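Observations on chain architecture
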Amino acid sequence: MQDVSLTPYDALLLYSFGGPNKPEDVVPFLRNVTAGKGIPDSRLEEVGEHYYGFGGKSPINEQNLALKAALEAELARRGIELPVVWGNRNWEPYTKDAVAELESLGAERAVVLVTSAYSSYSGCRQYREDLAVTLDGLGKLGPEGSTTVEFDKVRSYFNHPGFARANVDAVVEGFEALAAKGGDPRAARVVFVTHSIPTTMEAASRISHATYSEQHLDLAGVVAAEASQRLGFDVPWDLAYCSRSGPPSQPWLEPDVNDHLEKLAAEGLRDVVLSPIGFVSDHMEVAYDLDTEAMETAGRLGMTAVRAGTVGTRAPFVQGLVDLLLERAAIARGEDVDEATVGTLPAFRSVCAPGCCLRRDGEPSGVPALCSVDLHS
Ligand SMILES: CC1=C(CCC(=O)O)c2cc3nc(cc4[nH]c(cc5[nH]c(cc1n2)c(C)c5CCC(=O)O)c(CCC(=O)O)c4C)C(CCC(=O)O)=C3C
Ligand SMILES: [Fe+2]
């Protein structure tokens, strides 16, 4: 049998965003997400309605449980024994619950997999801060960042072949679905979609190897090229954004997907495949912002539109995640590893650089963050 050791790790923390399970959860969940973020009340009421429209329940928790089960199955298939613990930044089971579970398992060093593929404050540093702040609150964070349970993070995986391959499969299936709906695949355009972020957060994400939007553009190019090859014709594409929040005075990344569909329709485009490459599962931002709102926009514009799947629990994605765990373990053991990537960008750091992914350039967060060269930057 080949070496499939995950030494030095004795547990995996699957670390996600969290979401409400019932109507009573919605307001406290939104308070958790937006504490100190300056999001206007009107936006919170609007987003609350999205959740109430789905019975007060986000699909995200079940999707994370499905991903956890898929990871456990893939680990077992490879003969790797590693307990998987699930925790969230914004809802139960919270980070502190996950830490308690890790301790009850006797874990000393956990490898962390976050459910965000791209590097930015929201997708990377905020998780690392939440871990440090939670441990600090429990009196378990030493001055140099030493902790009772140690945590190492898997690199941002947007440019890992498994994530790319699962997205290519989803886009190709999207074209098949478009044809089945009476659309014309050869006249269609792919609109890749991701979560918008404030332009200040985009600028601060530059300290990794490329900004948040550049990471998406690089992967989108790869996915479109591979999908073109599989389909046998050239697939034109763009990148658009959804789920803008914050006050109107604050600039966020654009174009918004709805505005972009308007523009494409005005140019005569009739067929579109929406591919949410910014998200790993069909959670609320996909279910509402794309499946409800953007699909309504496309319908009003007379377009034939389909929404391609997210990577979810697709085999290439889940297998890729386990490959990434093996890679991270080899790095922790000090071995030379071949960090697989697609596109033009390098493998991102698994130990973040000082100042990596702050909310704003030149504005130290004042909050400690784990999984980086230094605790404070
Ligand atoms: C980059 C990014 C991702 C993608 C990467 C990833 O997937 O992690 C993501 C994912 C998600 N965002 C989610 C939900 C929300 N995000 C909000 C607010 C914000 N998101 C931001 C960024 C991101 N968010 C930012 C910069 C804000 C402004 C506040 C701040 O500076 O932090 C708000 C507040 C209300 C509002 O929408 O304004 C909510 C409710 C859910 C859960 C969905 C569910 O329940 O199924 C998920 C997976
Ligand atoms: Fe968000």
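Residues numbered from 1 in each chain as written. Chains lettered and ligands numbered in written order. Predicted model: local features only at pLDDT ≥ 70, side-chain atom pairs only at ≥ 80, totals over all residues.

Turning next to the domain arrangement of the chain. For the chain, the domain assignment lists domain 1 (11-158 + 314-332) and domain 2 (161-307). Taking the mean C-alpha position of each, domain 1 and domain 2 sit 25 Å from one another. Those elements giving two or more residues to the side of domain 1 that touches domain 2 turn out to be helix H2 (41-53), helix H3 (60-77), helix H5 (121-137) and helix H11 (315-332). Ranked by the residues each element gives to the side of domain 1 that touches domain 2, the list is headed by H11, at six residues. Residue classes in the side of domain 1 that touches domain 2 are distributed as 14 nonpolar, 11 polar and three charged. (Domains from an automatic or database assignment. Helix = DSSP H or I, 4+ residues; strand = E, 2+ residues; numbered from the N terminus. Nonpolar A, V, L, I, M, F, W, Y, C, P; charged D, E, K, R; others polar.)

The next thing to look at is helix H6 (residues 161-180). Relative to the 28 Å expected for 20 residues at 1.5 Å per residue, H6 spans 29 Å between its end C-alpha atoms, a close match to the ideal helical length. Here H6 lies mainly inside the structure; 14 of its 20 residues are buried. Once H6 ends, the next one or two residues include Gly182, with phi positive near 90°. (Expected span 1.5 Å × (residues − 1). Buried ≥ 20, exposed ≤ 12 C-beta atoms within 10 Å, placed from the backbone.)

Before going further, it helps to spend a moment on the pairing of strand E6 (residues 237-242). Within E6, five of the six residues are buried, leaving the element largely enclosed by the surrounding structure. Pairing analysis gives six bridges linking strand E5 (residues 189-195) to E6, with the strands arranged parallel. Across the sheet, Phe192 pairs through a bridge with Leu239, a residue of E6. (Pairing = 2+ DSSP bridges.)

Taken N-terminus to C-terminus, the directions of helix H4 (residues 95-104) and H5 make an angle of 70°; their axes are 10 Å apart at the nearest point. Considered as vectors, H4 and H5 are oriented roughly perpendicular to each other. The element H4 and its partner H5 pack so that their crossing is right-handed. Along its contact with H4, which presents Thr95, Lys96 and Val99, the element H5 presents Asp130, Leu131, Thr134 and Leu135. (Axes fitted to C-alpha atoms, helices over the stretch in contact; angles between N-to-C directions. Parallel < 35°, antiparallel > 145°, perpendicular 65-115°, else oblique. Left-handed = near helix turned anticlockwise from the far one by under 90°. Contact = placed C-beta atoms within 7 Å.)

Turning to the environment of Gly268, a few remarks are in order. Relative to the assigned elements, Gly268 resides in the loop between helix H9 (257-266) and strand E7 (271-275). Taking the C-alpha atoms as reference points, Gly268 and Met303, 35 residues apart in sequence, are found 9.7 Å from one another.

Attention shifts here to the site of ligand 1. Near ligand 1 lie 25 residues; those nearest to it are Gly19, Ser58, Ser245, His283 and Met284. Broken down by element, the shell around ligand 1 gets its largest block of residues, three residues, from helix H1 (residues 23-34). Here the residues of the shell around ligand 1 sort into nine nonpolar, 13 polar and three charged. Per-domain counts for the shell around ligand 1 show at least three residues from each of domain 1 (11-158 + 314-332) and domain 2 (161-307). (Near = placed C-beta within 6 Å.)

With that out of the way, let us pick up the UniProt feature "binding site: Fe-coproporphyrin III" (unreviewed entry) in the chain. Under the local residue numbering, the UniProt record ascribes the feature "binding site: Fe-coproporphyrin III" (unreviewed entry) to Ser58 and Tyr127. If you trace the backbone, Ser58 turns up in the loop between H2 and H3. With sequence-adjacent residues up to four places away left out, Ser58 is seen in contact with Gly19, Pro20, Tyr51, His283 and Met284. Structurally, Tyr127 is set in helix H5. (UniProt positions renumbered as here; feature names shortened; annotations may be inferred.)

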